[in-house]
Each structure stands twice: as C-alpha cells, then as structure tokens.
Amino acid sequence: MTKNLKNFFIDQHGCAKNQTDGELISAFLEKEGFVQIFDADKADFILINSCGFIKSAKKESIDAIYSVKAAYPDAKIILTGCLAERYANELFESMPELDGVFGNGDLSKIAGFMKKVAGGQRTVQTFEQCGVSSGQRKKLMNFKGSAFVKITEGCSNHCSFCAIPLIRGELRSRPVDSIISEIKELTEAGVYEINLIGQDLAAYGTGEEDKELRAGLNPVLSPLCQLLEKISRIEGDFIVRLLYIHPDHFNTDILSVMKKDSRFVHYFDIPFQSGDDKTILAMNRVGSQKKYIELVEKIRSELPDCMLRTTFLTGFPGESEEAAENTRAFLQAIQPDWSGCFPYSREEDTPAWSMKPRVPAKTAQARADALVGLQTEITNERLARFVGQEVSVLVEEIIEAADGSDGTEGNADASEGLAIGRGWFQAPEVDGCVVIRYERDIASEADAVRPGNVIKVQILSTTGVDLDGRFTGLVKGYPAKSDLQFIS
C-alpha cells in the first residue's frame, strides 16, 4: 500500500443490510492499516456503497459516482455494494470515473483489493456468494445505542419482482454462536437496541447451505424460534427487534418466546406487498388476502399490544383497478400501524420483467399515493392510544439551532429543551419519532436527555406520524466509555 493512500470515506446508500456491509468494510480496512475519516475533502479513497435493488436506487448510486468524481477529482473512487455486485463488469468498463469495483460476496477481501488500487491498478473484483460476511464492527452508522445485526444473507423466496437472489444469491444463515457472540459484544459495549435483519428472518436456518446449522437444532421448532430462545439467555438490559418477516413463512412459534421475554419488542415488519389474491400469486407467493388477515389476527390475539409495519408494491404487471381496490380494502382490514408503499420497478432478469399487461407509471404512482394517504389516517388513529402513557424512549439527538443552542430560540419557554428519540414501537429510520421536551436548566434532566440514554417520556399528543412528550425520568444511561463509535 502506498504510504500516503490510507484515508477512506464511505458514501453510504441502500438498506440496513447494506449498511452493515459498509460497517464491516470499515472494520476490515482499519484492521489492515487504512483509516476511516469523515471529511471527503481529505480522503484518498471514496467508497460509494451502492444500492442496486430498484431503478430509483440505482440512479441515486450512479449519480453519486458522477457527483463524487466531480467534487473530489484527486480521490480514488471505489464502487461497492449491491450495484457493484450486480453490474460489476458493465460499470467497470463503461465508467472511467471508477478506479475500482468491488462486489459484496466476501467483504473480508476488501483490504487486498484496496491495496491494488492504491498501487495504481484499476481493477474489478467479485467473489462467490457463500456464507455471511461478519466480524467485529467498531463504527456503526446509527444513532448512539442502536445496531443492526444481520442473521442471514441472500434469499431463496424468488418473488417474481425481486432481484435480491440475483445480487446476493440463495439464502444462507449465520451460525447461532456467531450471532450470540456479536449481540453480547454490542450490548456489553452499551448498545440498547438490537435490530435483527435479513431478507426474510423467517427463513433463518432453512437454506440449502444451512444443513450443518439445522443438525444441532430441534426439528419441532423453527430455527428462528430457537435462535430467539438462545438470545433470551443473554444477560443484560437491552431490547431486540425483528425486521422483515415474509408473511408466507411467518414462524408463529416465536410468539411464545416473545411473550416470555419482554426484551423482545412486539414489533413485526411483514411485507405483504399486495392484498389481491391474483397479484399475490403472480408475485410467486402462496398466501392470500384471507390467510394474511388471519395471520394478523393470530399475532394480535397472542400479543394485543403489538405494532405492525408492512410494505405494498403498486402497479405490478396485471394489477387491475379491482386488484388495487382489493389492496386498499386489505389495508383497511388489517389496520397496520405503519406501512411503506412503492410503485413497481421493472428489473431485468426477474420473472416479472416480461409479464404483461404493464401498468402505466402514473397509475402505479397514483395507487401508491392513495395507499399512503389511507395509511396516514390509520397511523394517526392508532398512535392516539399512546397519549397519556409513559413509555421508554431511546434518545437519538438533541435538536440544535444554527447558533449552536438547543433550538429553543423563539420558544415561549426558553428553558425548554427539545430532543428526538424512538420508542419500542418505532423502528430506525422508517417510522415516526418521539419529540422529547425537557427542562434544560435542570441539571438532572439535561444530563439524562443525552443521545444513547433510555428515558421515560409521558406522551402528551400526536403530531402527524410523530408523538410529542415530556421527560419524566432516566431509565438507562449510555456508558461513559465504549469501544463503539456511532456515525449518524
């Protein structure tokens, strides 16, 4: 490695799974003497950790390449992430702006790749998709106190619209001991919120590559259930959130584990995608509106206080107005607390690429807008149940004004401080937040309302998709000394 080429900056794009990849890349590079910095002007390398899932995300990553090269012409520009994996050779050949393209098959090889680029070699490198890249992460791209833990890689569901199996390969799962060890390290370093992620958590331990993992498990219970049971044996004051569970494979046996251990928050992210039976089947799913409604009813009967997030995809090929109406009716029927909605993105090499009739983009967007409007009304109504409750909130940031104060300029009560946090019912980045009001002139309150601390907040009102509340007490302080650095 050329001595002067060691500083790298990561321009992060994409989902939480890609974020953990970026954190691992940082760890693997720093282990080999590279230094992550947070000022792109001083970087020898700028790594664009890209997303390649849908058209808009791909465009964002491509635009980032051009803008970064224009802004930092002397830096070595490296493309990593899903876009790099999916179109490695095409982008390497067509974009001279790139000094290197590195896929996401084996992240542990990144340092050797970077040394080649540092030595003046323009190169492209991808590796076979096998196993799950993991390692000790020292820098997390989260607000203080929260972390994502990836338990699977790839996906074998093969939904007809989805390119993930093309990018990240078939499903494979991390060994139980590896996951437990990472959670222990994170919680012992002060992390309060562990968010388990994978393309489909329900598929944990069920892949062709997972035979050895399954050999040591009870065949009666799902591998995911048994993983949660082992997580529940970890001592400590922390919470665990499960994200992304495919509705066709939802492991209902996990509900009993979540009942027994209150550290598993009753939050479920189940991407239904559609509420129309014909569309669901065309998406290569085996469920139905009736089955999905029954699943929601089952979860709510077992855990009445649960929060439900889902996702819908509008404008899928063949989606008629009747089908769109069925999805709207389904949304009304299940009353999710949160949902996201995206117009269909036509992705080459997926089965849906050649499906017809295609739905005009404007129609798909209009249907998405209608679902968003309906969900906004539902969310407002469902959040109202928290008004008057005292809830635990993880503080994320203090609201500061441009002058460096805490944002109270112009307030009727200048002593009132403001902060942003999240309750157990709000997942990172995708849901609303809790606006926290506290007395900044009272030392005990000002000391308690700090990023990474968990506090009690009395909810006073709803404000759109957010909640407004007042500090009432400290629950858990973030440790003064920690090996972790948070990059928010």
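Residues numbered from 1 in each chain as written. Predicted model: local features only at pLDDT ≥ 70, side-chain atom pairs only at ≥ 80, totals over all residues. Heavy atoms only, no water.

K.L.:
Explain the sheet that holds strand 6 (residues 123–125) to me, and be specific about the residues and the numbers.
P.N.:
Taken together, the six strands give an open sheet; going across it, the order is 2-1-3-4-5-6, and neighbouring strands pair in parallel fashion. Every interior strand has two partners, whereas the edge strands, strand 2 (35–36) and strand 6, have only one. Helix 1 (residues 16–31) rests against strand 1 (7–12), strand 2, strand 3 (45–50) and strand 4 (76–81) of the sheet, and its axis sits at about 175° to strand 1. The strands that helix 5 (residues 110–118) touches are strand 1, strand 3, strand 4, strand 5 (100–102) and strand 6; relative to strand 6, the one it contacts most, it runs at about 170°. (Pairing = 2+ DSSP bridges. Helix = DSSP H or I, 4+ residues; strand = E, 2+ residues; numbered from the N terminus. Contact = heavy atoms within 4.5 Å. Axes fitted to C-alpha atoms, helices over the stretch in contact; angles between N-to-C directions.)

K.L.:
Pulling in residues and values, what's your account of the packing of helix 1 against helix 5?
P.N.:
Running from N to C, helix 1 and helix 5 cross one another at 65°; their axes reach a closest spacing of 8 Å. In terms of their interaxial angle, helix 1 and helix 5 are classed as roughly perpendicular. Here helix 1 runs over helix 5; the crossing is right-handed. Here Ile25, Phe28 and Leu29 of helix 1 come into contact with helix 5, specifically with Ile110, Ala111 and Met114. For the contact of helix 1 with helix 5, a count of residues per class yields six nonpolar, no polar and no charged. (Parallel < 35°, antiparallel > 145°, perpendicular 65-115°, else oblique. Left-handed = near helix turned anticlockwise from the far one by under 90°. Nonpolar A, V, L, I, M, F, W, Y, C, P; charged D, E, K, R; others polar.)

K.L.:
Can you explain helix 9 (residues 223–231)? Please cite residues and give values.
P.N.:
Burial analysis of helix 9 places seven of its nine residues in the buried class, which makes it a mostly covered element. Taken as a whole, helix 9 has its buried residues at Pro223, Leu224, Cys225, Gln226, Leu227, Leu228 and Ile231. Along its buried surface, helix 9 packs onto helix 7 (176–188), strand 11 (193–197), strand 12 (239–242), helix 10 (254–260) and strand 13 (264–269). (Buried < 20%, exposed > 50% of the residue type's maximum accessible area, 1.4 Å probe, protein only.)

K.L.:
Outline the pairing of strand 13, supporting the account with residue identities and numerical values.
P.N.:
For strand 13, the buried fraction is high: six of the six residues fall into the buried class. By the alternation rule, side chains of strand 13 split into Phe264, His266 and Phe268 and Val265, Tyr267 and Asp269, which are all buried. Sheet topology note: the strand 12/strand 13 ladder contains two bridges and is parallel. By the bridge assignment for strand 13, leucine 242 is matched with phenylalanine 268. Handedness of the crossover joining strand 12 and strand 13 through helix 10 is recorded here as right-handed. (Right-handed = clockwise from strand over helix to strand, strands pointing away.)

K.L.:
I'd like a rundown of the pairing of strand 20 (residues 466–476), residues and numbers included.
P.N.:
Two strands pair when backbone bridges link them, and strand 18 (residues 434–439) and strand 20 are joined in this way by four bridges, in the parallel orientation. In the sheet register, isoleucine 436 faces strand 20, and the bridge partner there is glycine 469. Judged from the nine bridges that link them, strand 19 (residues 454–463) and strand 20 form a sheet pairing that is antiparallel. If you follow serine 461 over to strand 20, its bridge partner there is aspartate 468. What sits between strand 19 and strand 20 in their antiparallel hairpin is a turn of two residues, with glycine 464 showing a positive phi close to 70°.

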